[in-house]
Amino acid sequence: MHLSPADTEKLLLAVAFAYKVSDQPQHAIEYFRRFLAQTDAHQATMTMKWKRRREIAQSDLVALETQVESTHGFVSNTSN
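Residues numbered from 1 in each chain as written. Predicted model: local features only at pLDDT ≥ 70, side-chain atom pairs only at ≥ 80, totals over all residues. Heavy atoms only, no water.

A. Focus on a nonpolar patch on the surface. On the surface, Met 1, Leu 3 and Leu 11 cluster together into a nonpolar patch covering about 370 Å² of accessible area. Residue classification places Met 1 among the exposed residues on the basis of a relative accessible area of 96%. (Patch = residues over 30% accessible without salt bridge, like charges linked within 9 Å, V, L, I, M, F, W, Y side chains within 5 Å. Areas by Shrake-Rupley, 256 points an atom, 1.4 Å probe, with all protein chains shown as cover. Salt bridge = Lys/Arg side-chain N within 4 Å of Asp/Glu carboxyl O. Buried < 20%, exposed > 50% of the residue type's maximum accessible area, 1.4 Å probe, protein only.)

B. Molecular detail of helix α2 (residues 25-40). For α2, built from 16 residues, the straight-helix expectation of 22 Å at 1.5 Å per residue is met to within 8% by its first-to-last C-alpha distance of 22 Å. Those residues of α2 not exposed but buried are Pro 25, Ala 28, Ile 29, Tyr 31, Phe 32, Phe 35, Leu 36 and Thr 39. Where α2 is buried, its residues contact α1 (5-21) and α3 (48-68). (Helix = DSSP H or I, 4+ residues; strand = E, 2+ residues; numbered from the N terminus. Expected span 1.5 Å × (residues − 1). Contact = heavy atoms within 4.5 Å.)

C. Representation of α1 in the model. Between its first and last C-alpha, α1 extends 25 Å over 17 residues, near the 24 Å set by a 1.5 Å rise per residue. Along α1, the positions that sit buried rather than exposed are Glu 9, Leu 12, Leu 13 and Ala 16. Around the axis of α1, the buried residues are gathered within 95° of arc, so they sit on the same side. With its phi angle positive at about 60°, Asp 23 sits one or two positions after the end of α1. (Arc of directions from axis to C-beta.)

D. Layout of the nonpolar core. Ranked by size, the top nonpolar core spans 15 residues in total, and within it Leu 13, Phe 32, Phe 35 and Ala 57 carry the most contacts. Of all the secondary structure elements, the ones that give two or more residues to this core are α1, α2 and α3. Looking at which element gives the most residues to this core, the answer is α2, with six residues. Look past the residues within four positions of Ala 57 in its chain and what remains in contact with it is Leu 13, Phe 32, Phe 35 and Leu 36. (Core = buried A, V, L, I, M, F, W, Y, C linked by side-chain atoms within 4.5 Å.)

E. Spotlight on the packing of aromatic side chains. This structure, assessed with the given rule, holds three aromatic pairs. Relative to Phe 32, the ring of Phe 17 has its centre 5.2 Å away and its plane inclined at 90°; by these criteria the two rings are edge-to-face. Of this pair, Phe 17 sits in helix α1 while Phe 32 sits in helix α2; the two residues are 15 residues apart in sequence, bridging distant segments of the chain. What makes Phe 17 partly exposed here is its relative accessible area of 28%. The ring of Tyr 31 carries Arg 34 above its face, with NZ or CZ at 4.9 Å from the centroid. In this arrangement the basic side chain of Arg 53 is found over the ring face of Trp 50, its NZ or CZ atom lying 4.6 Å from the centre. (Phe/Tyr/Trp six-rings, centres within 6.5 Å; stacked < 30°, edge-to-face > 60°. Lys NZ or Arg CZ within 6 Å of the ring centre and 35° of its normal.)

Here is the structure:
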C-alpha cells in the first residue's frame, strides 16, 4: 500500500497526538518533528486548516520538549 503525502501527514499527526494523550512524550516529540519536517516544504500551499494544525503541532512540540527537558535526552540521526 502506498500512502499519498497528504495521508502520510495525517498519519504522522495522528500518531503524535496518540502518543501525547497516552503520556508518552518522547514518542510524541518524534512524530511531531516528523510531521513538521514532512509539511515544511509546502507551507505556502496549505489550507488554513492545515496551517493551524501545523501551528498547534509546533506549540505542542515546544511544550513537550520543555516538559521532558529534565528527564530525557535526545539523539537525532538523519540518514538516506
